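A structural walkthrough
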Amino acid sequence: PPSALPCPIPSPIPPHPLPSLPTLSASSLLLPPPGRLLLPAVPGPGTALCLCPSGRRSGPGLRAGRREMFSKLSALLQQAVDTEEEPIPLLQSFISHWKGITNYYIVTTDDTLPVKQTDIPWRLRQMLDILVYEEKQLERGETGPCMEYLLQHKILETLCTLAKAGYPPGMKQQVLILITKLLGQIQQPLLPHINVHRPVQKLIRLCGEDLGSKTEKEEVQFLTTVCAKLSQDPYLINFFIEKKDSADYRRLSSCPSEKNRVQRDQAFGTESPRSSWSQGSQLDPSPTPCASSTRLNPEGEGGQRDRTLLSALLTLTASEKPQFALKACEGLLLLARLPEEVAARYMVESTAVCRTLSDRLSDLCKLIPDSIDPGQVELLGRVNWRSHCAASRVEDADSFPGKGAAMSFFSWLDYCDQLVKEAHEVTAAAVAQEIRRRFFVKVLEPRLLQVSEARILSSTELLMGVVTHVTSPCLLDELVLFLLGEEREGEVPGQPACHPLRYQLIDRCNHLSDEISMATLRFFEQLLQKPQEHIIYNLVLRNLRGRCYIGNSTGQEDRAAENEHLDETDELEEDPFFTDIYTGSRFPASDWLVPPVATQEATKADGKPEVNRIVNSFLCLVPDAVKTSDLVAGCGYDTYLVDAHRMFQGCCVNAREWKWPLVPKHLESCEPGGIFYEGDFLKVLFDRMAQILQQVTCKQKGPIKSGIVDHCCFTIAIG
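These figures come from a predicted structure and were not determined experimentally.

**Notes on the overall build of the chain**
Across its full length, the chain holds 32 helices and two strands. Within the chain, the fraction of its 719 residues that count as buried is 43%. For the chain, long-range pairs separated by at least 24 residues make up 75% of all intrachain contacts whose partners lie at least 6 apart in sequence. Carbon together with sulfur atoms contributes 55% to the accessible area of the chain, which is approximately 39400 Å² in total.

**Some words on the environment of threonine 225**
Within the secondary structure layout, threonine 225 lies in helix H8 (residues 216–232). Sequence spacing of threonine 225 and glycine 184 is 41 residues, and the spatial spacing of their C-alpha atoms is 6.8 Å. Apart from residues no more than four positions distant in its own chain, threonine 225 is found in contact with Thr180, Leu183 and Gly184. Polar contacts involving the side chain of threonine 225 include one to the main-chain carbonyl oxygen of glutamine 221, which spans 2.7 Å.

**A look at the pattern of salt bridges**
Under the definition given, this model contains 23 salt bridges. The salt bridge involving glutamate 491 is made with arginine 502; its shortest N-O contact spans 3.2 Å. Here arginine 502 lies in helix H22 (residues 500–507) and glutamate 491 lies in the loop between helix H21 (473–484) and H22, a separation of eleven residues in the sequence. The burial state of glutamate 491 is the same as that of arginine 502; both residues are buried. The structure contains a network of salt bridges with shared partners spanning Asp359, Glu434, Arg437 and Arg438.

**Structural notes on the packing of aromatic side chains**
Any pair of aromatic rings gets described here by the distance separating the centres and the angle formed by the planes. All told, the structure shown has twelve aromatic pairs when counted by the stated rule. Relative to tyrosine 167, the ring of tyrosine 105 lies with its centre 5.2 Å away and its plane at 65°, an arrangement referred to as edge-to-face. Note that tyrosine 105 is positioned in helix H2 (residues 90–107) and tyrosine 167 in the loop between helix H5 (155–165) and helix H6 (171–185), a separation of 62 residues in sequence. When its relative accessible area of 22% is taken as the criterion, tyrosine 167 is described as partly exposed. Feature note: the residues Phe409, Phe410, Phe439, Phe440 and Phe482 constitute an aromatic cluster, connected by ring pairs.

**Some thoughts on the confidence of the model for the chain**
The share of residues in the chain with pLDDT of 70 or more is 64%, and the mean pLDDT across the chain is 75. Throughout residues 696–710 the model reports pLDDT below 50, and contacts reaching past four residues in sequence, or to other chains, amount to 29 contacts. Below a pLDDT of 50 lies the segment residues 712–719, which in the model reaches 21 contacts outside its immediate sequence neighbourhood of four places, other chains included.

**Quick word on the packing of helix H3 (residues 120–137) against H6**
Direction vectors running N to C along H3 and H6 enclose 10°, while the axes themselves pass 11 Å from each other. The angle between H3 and H6 places the two elements in the roughly parallel class. Facing Ile120, Pro121, Leu124, Leu128, Leu131, Val132 and Glu135 of H3, the residues of H6 in contact are Met171, Gln174, Leu178, Lys181, Leu182 and Gln185. Taken together, the residues of the contact of H3 with H6 sort by class into nine nonpolar, two polar and two charged.

**A closer look at helix H4 (residues 145–152)**
Regarding H4, the residues found buried are Cys146, Met147, Tyr149, Leu150 and Leu151. Contacts from the buried residues of H4 go to H2, H3, H5, H6 and helix H7 (194–204). Positive phi appears at lysine 154, one or two residues downstream of H4, with a value of about 50°.

**Observations regarding unusual backbone geometry**
Between tyrosine 167 and the following residue, proline 168, the backbone shows a cis peptide bond with an omega angle of -5°. Secondary-structure assignment places proline 168 in the loop between H5 and H6. Phi is positive for lysine 154, which is not a glycine, with a value near 50°. Positionally, lysine 154 belongs in the loop between H4 and H5. One non-glycine residue, lysine 659, lies in positive phi territory at about 55°. Inspection of the secondary structure puts lysine 659 in the loop between helix H30 (637–655) and helix H31 (680–690). Using a relative accessible area of 78% as the deciding quantity, one classes lysine 659 as exposed.

**Some remarks on the nonpolar core**
One finds Phe222, Leu335, Leu357, Phe409 and Leu483 to be the most contacted residues of the largest nonpolar core, which totals 145 residues. If we skip the residues at most four places from it in the chain, leucine 483 touches Leu463, Val467, His499, Leu501, Arg502, Leu505, Phe523 and Leu527.

**Let's talk about the environment of serine 311**
Locating serine 311 in the fold gives a position in helix H12 (residues 309–316). The class for serine 311 is buried, based on a relative accessible area of 18%. Each C-alpha atom of the pair serine 311 and glycine 208 lies 7.8 Å from the other, and the pair is 103 residues apart in sequence.

Rules and cut-offs
Residues numbered from 1 in each chain as written. Predicted model: local features only at pLDDT ≥ 70, side-chain atom pairs only at ≥ 80, totals over all residues. Heavy atoms only, no water. Helix = DSSP H or I, 4+ residues; strand = E, 2+ residues; numbered from the N terminus. Buried < 20%, exposed > 50% of the residue type's maximum accessible area, 1.4 Å probe, protein only. Contact = heavy atoms within 4.5 Å. Areas by Shrake-Rupley, 256 points an atom, 1.4 Å probe, with all protein chains shown as cover. Polar contact = N/O pair within 3.5 Å; in protein donor to acceptor, adjacent residues only side chain to side chain. Salt bridge = Lys/Arg side-chain N within 4 Å of Asp/Glu carboxyl O. Phe/Tyr/Trp six-rings, centres within 6.5 Å; stacked < 30°, edge-to-face > 60°. pLDDT = per-residue confidence, 0-100. Axes fitted to C-alpha atoms, helices over the stretch in contact; angles between N-to-C directions. Parallel < 35°, antiparallel > 145°, perpendicular 65-115°, else oblique. Nonpolar A, V, L, I, M, F, W, Y, C, P; charged D, E, K, R; others polar. Core = buried A, V, L, I, M, F, W, Y, C linked by side-chain atoms within 4.5 Å.

Written as structure tokens, this is what we have:
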């Protein structure tokens, strides 16, 4: 035989050329027994096999057999390369996958086999991919044959029925995933189709049944996707409103909104209840006057509550997994923001949203122990509901007892405040009123009226945290009415308190316990900085409105009082003990005992006293031991004046929206001979200032003096 046997290469070259076959030498061949295959001695990659039925080594015959074998092999390879499989149409493939799912239920008899061990999840993914690919190939607004087949044959409704039956086990999870991705990835609006929103409603009823279920993640994703679609097209919410009674629904949609009522009242020159605090007690607790006649039945047949989109979200907001609770809260916010008034009234009157939000706030507040450290509660600051839900709920080892309960309470309060701030006006008013009735009055007020000093401190710090977290106008209005009442007439000394809680809080500003007094003063400081007109008017301005604080004295009386004042100062100058006691002080006697003549003339010219000299005169009467400025270098009374000025400027900015008169009331229109009473709040502050000289031995003398000056400067500047 020749030294080498070349392997023929077929003439037609395929698109993907095969690697060239190496030559095979005769010396590398072994002679096996007859009838066996001839293999190379050292086989390697790409080595050609030589088949010889006879064990004889024949030259031309062997070459011919090899050529014939490789020719057939090349023909087969070429045929495989040249043959292109015809593409199957998308509709045919879509129908094939759907029939594969339905055939499973016909053929399979094992109802315990989990769905993940079948081909159903794979077929559902293929169907979704086909629908998404088909939409990308079409122009915007067109519906492809696969989508038409899905809608006409009610495939989603069939899948929801299988999910409800739970056959095979885990089918509910797969259907939730499919419909969530279908609504999220398909660009054309699907919810308006009856064969889409009807199965979506059926699937919503399967959500929120049990907390901690295996499908909780898929349920939250599905519900938030539906809420996102409703926020994009708010009119779609009408498909998810359970219309128990068509006549009631028509009356519900025909009720005038709060905004229309206000415009109507303004047109007729009447005052809306929202702008008149004196009529606050006459407000209907229901959000609208037509609520009693159009209240829908929130309970289903047989007394069972309907599982709606809102109820499912409310259930999942209490999930033990923070990330799921956060998603459910965001979905509820999306629904509350919808501008549709019919949806807002349905949310208020036909669901348990208002009651659930307020009751959960009450339950979380009850979990806070009375023995919680007030100082630690103050250090918590403002708790953001998103950050709290995203973080772990496990308390740190060094955290104080009750921290988790306090954090959860303030987090939920912050969420309720944001919902009221962003919700429709009907929803916002109803939620705020429900929180006042079910939380402020029933839970918070009994804690504030306790007599134990430890519980008074903890409840006061809790109340200050509530004031800090409340920023929405509607909820702030309800909180102010709860704390201060609705009275706007001037106070009368000795008259029984019309609002016991207000009287109790003001009285604690001058409590026997300095710690309680300071905590209450800090609370009022926080309250006075809120942009709410009724706070300042109820505490201060309603007693100054009549201007009875201006005395109607004659000029002779003024001169007699001035001469008496000069006589007193002369006596003080002659007293060596009185002048020597302040020798070396920062305020020498020559600076404060008798003002220079030039200063007196300047004061009389512009009609304004010199504030600095008056404050210096007062501070000279205060022992150095109770002055905070003695402990901190470079800090004098001007620090308090700067803080008071800053707060006063902020109050002026807020007062621009309250439409107060720019010109004071004329003295001629004031009641002659009226008795001036500054009110309970200013009186307790002035009484507290009068006791400064008796607080030398107080352990907390610095902060007490600081807080009193802060509050007095602020309130006096406002007056």
